[in-house]
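Each chain, letter by letter, is given below.
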Amino acid sequence: MALPPADEEYLLVAAPGWARHVEEHPSAEDICTAVRDVPLVTYAEDLPIVRRYWRNVFGKQLSARAAVTAGAGYSVLPRSLCEEHLCDGRSRCSTSRSNRRP
């Protein structure tokens, strides 16, 4: 189902290893507690200093999706940015709670 851009669905996503870490956490029922020791990858990709550093030091463009897929931690991303990675297993949606709308 196509959603208008203003109605973009956001998901809590992580690489499979971090997702397992959260699912196996003793407090897995409390997602806020379970992700407390997992690094957070920010979605804001317009950080000029960080982007320039990443490009100059590592020779790559920095993106939250790439960082999550590489195992850097978890983030909240629009489904449109991570759908392919979710489908092929490079990322996982951390819980069904991620699909709830406020």
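Structural data are supplied above this passage.
Worth saying up front: this structure is predicted, and the values here are computed from it rather than measured.

A.B. asks: So, the sheet that holds strand β1 (residues 10-14): which residues are in play, and what are the values?
C.D. replies: Where strands meet in a sheet, backbone hydrogen bonds hold them as pairs that are either parallel or antiparallel. Strand order in the open sheet formed by 3 strands is β2-β1-β3, and the pairing between neighbours is antiparallel. Strand pairing shows two members of the sheet lacking a second neighbour, β2 (74-78) and β3 (92-93), which therefore form its edges. Pairing of β1 with β3, which is carried by 2 bridges, proceeds in the antiparallel orientation. By the bridge assignment for β3, A14 is matched with R92. Relative to the sheet, helix α5 (residues 79-87) contacts β1, β2 and β3, its axis offset from that of β2 by approximately 115°.

A.B. asks: Can you tell me about the nonpolar core, naming the residues and giving the values?
C.D. replies: Counting 9 residues, the largest nonpolar core is built from L11, V13, V41, A64, A67, V68, L77, C82 and L86. The greatest single-element share of this core, amounting to 3 residues, is contributed by helix α4 (residues 64-69). With sequence-adjacent residues up to four places away left out, C82 is seen in contact with L11, V13, R65 and L77. The next biggest cluster of nonpolar side chains, apart from the first, holds 8 residues, and it includes A14, I31, V35 and Y74.

A.B. asks: I'd like a rundown of the pairing of β1, residues and numbers included.
C.D. replies: Most of β1 is tucked away, with 4 of its 5 residues classed as buried. Both β1 and β2 contribute to a ladder of 5 bridges, which runs antiparallel. In the strand pairing of β2, V13 is matched with S75.

A.B. asks: Which residues make up the environment of R90, and what are the values?
C.D. replies: Relative to the elements of secondary structure, R90 occurs in the loop between α5 and β3. Residue classification places R90 among the partly exposed positions, given a relative accessible area of 32%. Distance from R90 to P16, taken between C-alpha atoms, is 7.0 Å for residues 74 residues apart in sequence. Apart from residues no more than four positions distant in its own chain, R90 is found in contact with A15, P16, T69, E84 and H85. At a separation of 2.7 Å, a polar atom in the side chain of R90 contacts the side chain of D88.

The rules behind the values
- Residues numbered from 1 in each chain as written.
- Predicted model: local features only at pLDDT ≥ 70, side-chain atom pairs only at ≥ 80, totals over all residues.
- Heavy atoms only, no water.
- Pairing = 2+ DSSP bridges.
- Helix = DSSP H or I, 4+ residues; strand = E, 2+ residues; numbered from the N terminus.
- Contact = heavy atoms within 4.5 Å.
- Axes fitted to C-alpha atoms, helices over the stretch in contact; angles between N-to-C directions.
- Core = buried A, V, L, I, M, F, W, Y, C linked by side-chain atoms within 4.5 Å.
- Buried < 20%, exposed > 50% of the residue type's maximum accessible area, 1.4 Å probe, protein only.
- Polar contact = N/O pair within 3.5 Å; in protein donor to acceptor, adjacent residues only side chain to side chain.

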